[in-house]
There are 2 protein chains.
Amino acid sequence: MVDYDFMLSELKRILKDKGLKFTSQRELILKTLYENDGHFSPEDIYMIIQRENPDIKIGIATIYRTLALLEEEGLADSLSIDNGGKRYELGLKKHHDHFICTECGKITEFYDDVIEKRQEEVAKEHGFKMKSHSMKIVGICKECQDKNKQ
Amino acid sequence: MVDYDFMLSELKRILKDKGLKFTSQRELILKTLYENDGHFSPEDIYMIIQRENPDIKIGIATIYRTLALLEEEGLADSLSIDNGGKRYELGLKKHHDHFICTECGKITEFYDDVIEKRQEEVAKEHGFKMKSHSMKIVGICKECQDKNKQ
DNA sequence: ATACTAATTATAATAATTTTTCAATATAAT
DNA sequence: ATTATATTGAAAAATTATTATAATTAGTAT
């Protein structure tokens, strides 16, 4: 796992490169993504920050803006859920795909080499220059299946 | 390609099964999806219907409700695009995945047996009961790459 | 055919989510 | 420290989706 100091210096480097400024809000949002494992809506991030830093004021618009920036620069990744909007997670992690459970809403990560490799090939075959890819498998997780049986 | 009469009779059968009613609006929305190849937002569908049937009045809420119904019954499929909301396409087509071009926004369909098969296996390996799956490859399409070179 | 019942509709209001505007503030370079 | 500029929070605006309701319509039974 990439460590926080590295991500922070990446953020600083990127901001400098683009003539943008390093702010406490941007740092805080990155840190929040780093310290919380999961897939969060902007609203989630907003509430986590408020809960964990009752002294700090931050606007929801800043959350939206910053998450978009982090994603653009690869420091965050997003996932579109069927209902409602995007969920964000920390970027620079090993690439992976997602299981989404329709019963409990849980999002689980998985990785499969065969699929990864084949995606590259398929893109190449179609002359498509791949920048990213995502796969979602929607269904019912093991836990919910067991729960249903009882 | 499944023909329209089949889809229409499917719709009628499903509605009857569920004690719902066959209405001109529901038929019109299915027909619109059938006759227009592409991936449309509810707003798109609304505008296409208004344009092609200036005499008919239909409410945007009906579009939303009907698309959700059609999707639930498999007569339509939806795809979450990064910006904004869902895009719908006709259902009962052969399953496929999507290329999304970040330059021109074009969505292209593709199908790959290796990926399909492997998805089934991965879900099974994780004890996940797959209901559906989707894959998006985001990048730059051949046409835009060529355009950029000029 | 007609009448009846319940589902469906359009419209408008409402809710939820995301983006934009703008004046005040904070940052980075000098 | 000063200055120029990017960023922020707050509120307004825009977008997207859902809900309530009275009127209408489809499907069934008569």
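Described below are features of the structure shown in this document. (Residues numbered from 1 in each chain as written. Chains lettered and ligands numbered in written order. Predicted model: local features only at pLDDT ≥ 70, side-chain atom pairs only at ≥ 80, totals over all residues. Heavy atoms only, no water.)

## Concerning the relation of the copies chain A and chain B
Superposing chain A onto chain B takes a rotation of 179 degrees plus a shift of 0.1 Å along the axis, which leaves an RMSD of 0.3 Å. Overall, the copies show the geometry of a two-fold rotation axis. In terms of C-alpha distance to the rotation axis, chain A has A:Met135 as its closest residue, with the C-alpha 2.1 Å off the axis. A share of 97% of interface residues in chain A that are also interface residues in chain B marks the association as one of identical surfaces. (Least-squares fit on C-alpha atoms with pLDDT ≥ 70 in both. Contact = heavy atoms within 4.5 Å.)

## Regarding unusual backbone geometry
When glycine is set aside, most residues are seen to have a negative phi, and most peptide bonds are trans. Phi at A:Leu92 takes a positive value of approximately 60 degrees, unusual for a residue other than glycine. Structurally, A:Leu92 can be placed in the loop between β2 (86–90) and β3 (97–101). (Helix = DSSP H or I, 4+ residues; strand = E, 2+ residues; numbered from the N terminus.)

## Side note on the protein's contact with DNA strand C
Near DNA strand C, the surroundings consist of 20 residues, among which A:Lys21, A:Tyr64, B:Gln25, B:Arg26 and B:Thr62 are the closest. When the atoms of DNA strand C within 4 Å of the protein are grouped by moiety, sugar and phosphate amount to 78% of the total. Within the side chain of B:Lys21, one N or O atom sits 2.8 Å away from a base nitrogen of DNA strand C. In the environment of DNA strand C, a phosphate oxygen lies 3.1 Å from a nitrogen or oxygen atom belonging to the backbone of B:Gly59. Elements with a contribution of two residues or more to the surface near DNA strand C: α4 (60–72) of chain A together with α2 (24–35) and α4 (60–72) of chain B. Across the surface near DNA strand C, the residue classes tally to 6 nonpolar, 6 polar and 8 charged. (Near = heavy atom within 4 Å. Polar contact = N/O pair within 3.5 Å; in protein donor to acceptor, adjacent residues only side chain to side chain. Nonpolar A, V, L, I, M, F, W, Y, C, P; charged D, E, K, R; others polar.)

## Details of the packing of aromatic side chains
The tally for this structure, following the rule as stated, stands at 6 aromatic pairs over all chains. Aromatic side chains A:Tyr4 and A:Tyr34 sit 5.3 Å apart centroid to centroid with 50 degrees between the ring planes, which places their arrangement in the tilted category. In this pair, A:Tyr4 sits in helix α1 (residues 4–17) while A:Tyr34 sits in helix α2 (residues 24–35), placing the two residues 30 residues apart along the sequence. You can call A:Tyr4 buried: its relative accessible area is 16%. In textbook terms, an aromatic cluster arises when at least three aromatic residues are bridged by ring pairs, as seen for A:Phe99, A:Phe110 and B:Phe128. The ring of B:Phe22 carries the charged tip of B:Lys12 above its face, separated from the ring centre by 5.0 Å. (Phe/Tyr/Trp six-rings, centres within 6.5 Å; stacked < 30°, edge-to-face > 60°. Buried < 20%, exposed > 50% of the residue type's maximum accessible area, 1.4 Å probe, protein only. Lys NZ or Arg CZ within 6 Å of the ring centre and 35° of its normal.)

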